[in-house]
Each structure stands twice: as C-alpha cells, then as structure tokens.
Amino acid sequence: MMSIVYAVLVLGVMGLLFGLILAFASKIFAVEVDERIPAVQECLPGANCGGCGYAGCNGLATAIVEGKAPVNGCPVGGAAAAEKIAAVLGVEVTESEKMIAHVHCSGTCSNAKNRAQYEGIEDCLGAIRVANGYKECAFACLGLGTCEKACPFGAIHVVDGVAKVDASKCTACSKCVAACPKHIISLVPEKNPVRIDCSSKAKGKEVMDACAVGCIGCGLCEKTCKFDAIHMEGNLPVIDYDKCKGCQMCAKACPRHIIEPWNTPEKIKELQELKAKQAAAKKAAMEKAAAAKKAQEAASAPADK
Amino acid sequence: MTSILSIALGAVLINNFIMSQFLGCCPFFGVSKKIDTAAGMGMAVTFVMGLASAVTWLINTFVLVPLGLGYMQTVAFILVIATLVQFVEMFLMKSMPSLYQALGIFLPLITTNCAVLGVALQNVQNDYNFLESIVYGITGGLGFTLAIVLFASIRERLAASADYPKCFEGFPIALVSASLMAMAFLGFSGMKIW
C-alpha cells in the first residue's frame, strides 16, 4: 500500500516541479510572435495540404503576414479565406480566379481501345511499368486511380475507366496533377467552360485507330477561334485562357466532339439537330433565292419578246 | 579515468546509438537532408541526452531507488525527458530561431526519441556513477551527431549526383546507404579498449 502512495506522491511532486519549471521558463524565454499570424491561420482551412507551396498552413500564414505571399495564396480556401485574411490584415483582396483540376481525356471504356488486359497492381504507375499501360493510346487515362488516391479531398473518382473531377469538392491543390503518371491532369479556370478532353499528341490516323473520340489534330478549333485563344501544339490544341472568351465556337466546330461543354451525348445530339436545322434553313433560303431568280427571269422574259 | 575513456569511445564508435543499437532512427532519417540542420539536430540531441542522463541519474539514485520505486523508471524518465525537450525548445526559439525553424517538427519529436530514453535506462543497467552517466549521455549524443552528420553528407552527395536508378530516389537510397554505414560501423564492434 505504502509503495503505491510513494509512487503516486513521487511522480505527482515531480510533475508539479517540472510543470513549475516550464511555466517559469516560458515566461523567461517568451518570444513575441506577431499576433496576426495565428489570426491569419484561423482563416485558413488547416488541412496542411501544401497546395500553396509553403510547409503547411502556418507557413503560409507567416508568409502572408510578412508580405511574402498574397492574401489569396491559399488555393483551397479560395475567395472566402482571402476575404477573411484581408479583413484581419486590413488590406484589399486582389481577385483570384478559382481553378479546378481537369482530366484531359475522354478515353472511356467504350471510346478507347485496349491492346491488352492488365491484371497487375491496381495503380497507374504499376500499369505503366508494364509496356506503358494497357490502352492503345499512349496518352490515355488508365483509370486505375492514382489520382484518386492522391486527392486529400475525395474530389476525383474513376468513372467508366476515366478519372473525373468533382468540381464542387476540388480545391485546386494540385496533388492529382503531380500524381498522374501520364501528366494529363491540369488546372483550369472553373468559370470558363471550354476544355480540351484529349491529351494525345499522336498523328491523326493513330488516334483514329486507338480511340473513338481522340483529337486528330485537324486544327478546326484553331481556325474557328475569333480571339486567337487556341493554338495547335504538337497535334493538340491548347487553350490560352487569358484570351478565351468562352464563346464555345471551337467546341461546336470540333468534329470529334472532345471540347467541353459540347462533348456529352445529349449536347452532341443537340448540336447535330442545330446543324441540321441550319443546313435546312440554308437550303430553304437557297431554294427561295433560286425560285425568286426564276420568277424574275420569267418576268423579264416576256419583255424581251 | 580509463573507464571514462572506454565509455566515451564505446558510446561514439563501438555502441553507436544509431549504427549499432538502432535507437533514434526517426530524426536520423527525418533531419538528414542537409548537413547544417543535421549538425543542429545532433547538438540538440547531445544537449538533451547529457542533461537527461544527469537528471535521470539523480532522480533514480536519490528518489526512485531509496523508495524502492525502480519499476517506475520508464515513467519517471519520460517525464524528465519531456520536460527537458520542452525547455530546449523554448530556449532555441528564443536564442536561435533559425535553428528552431530548421529543426521544425523534429524538435518535439526528441521527446519520443528512444536514444534519449535508451541512454537513461542504460545508465541504470550499467551501474554507471554520476560522472560516467553524464559522459555516456554526452558521448552517446556525439556519436549520434557523428552518424547523422556523416549520413547527411552522404545524402547531400547523393542528391547532387544521382548515379543510381530513379526508382531508388529519396528514402530507398537513404535506407540503403544507412545500412551500408551500419555495416561499416560493425567494423568497430570487435574492438576492445584496455
């Protein structure tokens, strides 16, 4: 019995003593921390994802207070966090555009051809080790979920053999962009609907053989764009989002239907109907013009006689 | 005097805490990317280990043993070490903020660094007296510093000239080089001092 009492007493006294020492030490060695840093950190999401390029939320908060990072440095918190931080620091927010990750591939199970059956490790990296993946197209999303595993926010999921980003959950932290071994994920502005859904830099015929919808590099989108915002780079169009006005003409012009938003089956159908209507209207107009001409000719003919 | 010398040499080379006892591997891998931070970490660990051996020896000899509380060693020692680490952390934050920044998360981790607890427990096991305990603690820390600085220089070199397969990049090659280093330190194991 006594030994228990001793043990409790000894450890209790030791704990008390050390606690007191630490309490005094914290007074003596107190460092003045800029009180705005914890205040700014309060406004940040606290996920410590590193999407801002600093080591965790504390790093970014320190950098913001020191003026090394902009108040909207946090891609996850977005405008809401930026506003709060700006209120804390008493500065103006410079508007930042919300970005989201986008998988540039439409090679779903029905669209992209497989050249082999892969039964290895359920990971894109593993599949690439085996003869650069199992799909005919060397640029196609393998759909084995390396990005899905990398996403800390559960915003990316493989649907029908291709990774899809859930825009409402995506925070543009760039984890998937770095994780994708095929390098087919990039950040795009969320506001602008126009996106290229193919990453194939192969020649047209190869793409035709490998995928039902891949970009054949025809360059129609480049020619259609009135704002000089889309350019072909190695058989693949690249959109310059600074110039793009979101008129969606390129998406309508694409013969392979791989430019969003005009790439879903419903939209394609709508587009075809629209084109048929336009063609019919054109035809009708031409017939009308021809009839009018004929009538004019007929009217002027008797006068000649 | 000879016993002290043999304890010191033994702690640094023959029974090196990392290389032959495999204690304190967490900071060994975590803070060994740059020589500067590695040396800083080594110094912090040496400081904590020396201080911890002194305080734990005093507590063990004058409090625990007389009261027959030898079985409370681990708990009491952890208490001492945790306090010391907190103290060192405050001290560094005040006097050497750059080192504090560089050590980052690993400073609080010294609390759970088994090399520090190991030195305290081994002092008791080996029946060292006060002076011997302090010497064992400090030289053990110096052995840790030696190992981590050597390892950091190897890793800096590896990062600069990557002459190994790409899949070994980062931790794999670090583990391989650490095991090679441990094998090299094995060469000391047969040594006898006086």
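Values in this document were obtained by computation on a predicted structure and should not be read as measured data.

A. Spatial organisation of the interface of chain A and chain B. With 15 residues of chain A at the contact, the number on the chain B side is 18 residues. Counting each side, the surface lost to burial between chain A and chain B is near 1500 Å², with a carbon and sulfur contribution of 89%. By the criterion of area lost to chain B, the three top residues of chain A are Phe 18, Leu 22 and Phe 29 of chain A, representing 36% of everything that side buries. Counting across the interface, chain A meets chain B through zero salt bridges. Taken together, the links from chain A to chain B amount to zero residue pairs in polar contact (both at pLDDT 80 or more).

B. The arrangement of the layout of surface pockets in detail. Residue and element names in this part refer to chain A. By volume, the second largest pocket amounts to about 490 Å³. As for the second largest pocket, its lining consists of 24 residues, and the residues nearest its centre are Lys 164, Asp 197, Glu 260, Asn 263 and Thr 264. At the level of elements, strand E1 (99-103), strand E3 (162-165) and helix H11 (265-304) are the ones that each hand at least two residues to the lining of the second largest pocket. For the lining of the second largest pocket, the element with the highest residue contribution is E1, accounting for four residues. In terms of residue class, the lining of the second largest pocket is made up of 11 nonpolar, seven polar and six charged.

C. Spotlight on the packing of helix H1 (residues 2-28) of chain A against helix H4 (residues 73-95) of chain B. The N-to-C vectors of H1 of chain A and H4 of chain B enclose an angle of 0°; their axes lie 10 Å apart at closest approach. The angle between H1 of chain A and H4 of chain B falls in the class roughly parallel. Taken together, the residues of H4 of chain B that come into contact with H1 of chain A (itself represented by Leu 11, Met 14, Gly 15, Phe 18, Leu 22, Ala 25, Ser 26 and Ile 28 of chain A) are Val 75, Ala 76, Leu 79, Val 80, Thr 83, Gln 86, Phe 87, Met 90 and Lys 94 of chain B. Split into classes, the residues belonging to the contact of H1 of chain A with H4 of chain B amount to 12 nonpolar, four polar and one charged.

D. Examining unusual backbone geometry more closely. Residue and element names in this part refer to chain A. Residue Pro 261 is bonded to the preceding Glu 260 through a cis peptide linkage, with omega at 5°. Located in the positive-phi region is Ala 172, a residue other than glycine, with phi close to 60°. Among the secondary structure elements, Ala 172 is positioned in the loop between E3 and helix H7 (175-179). Owing to a relative accessible area of 7%, Ala 172 belongs among the buried residues under this scheme.

Cut-offs applied
- Residues numbered from 1 in each chain as written.
- Chains lettered and ligands numbered in written order.
- Predicted model: local features only at pLDDT ≥ 70, side-chain atom pairs only at ≥ 80, totals over all residues.
- Heavy atoms only, no water.
- Contact = heavy atoms within 4.5 Å.
- Buried area = accessible area lost by both parts, 1.4 Å probe.
- Salt bridge = Lys/Arg side-chain N within 4 Å of Asp/Glu carboxyl O.
- Polar contact = N/O pair within 3.5 Å; in protein donor to acceptor, adjacent residues only side chain to side chain.
- 1 Å grid on protein atoms, 1.4 Å probe; cavity = no way out; pocket = protein on both sides within 12 Å on 5 of 7 lines; lining within 4 Å.
- Points joined across faces, edges and corners; volume = space filled by probe spheres on them.
- Helix = DSSP H or I, 4+ residues; strand = E, 2+ residues; numbered from the N terminus.
- Nonpolar A, V, L, I, M, F, W, Y, C, P; charged D, E, K, R; others polar.
- Axes fitted to C-alpha atoms, helices over the stretch in contact; angles between N-to-C directions.
- Parallel < 35°, antiparallel > 145°, perpendicular 65-115°, else oblique.
- Buried < 20%, exposed > 50% of the residue type's maximum accessible area, 1.4 Å probe, protein only.

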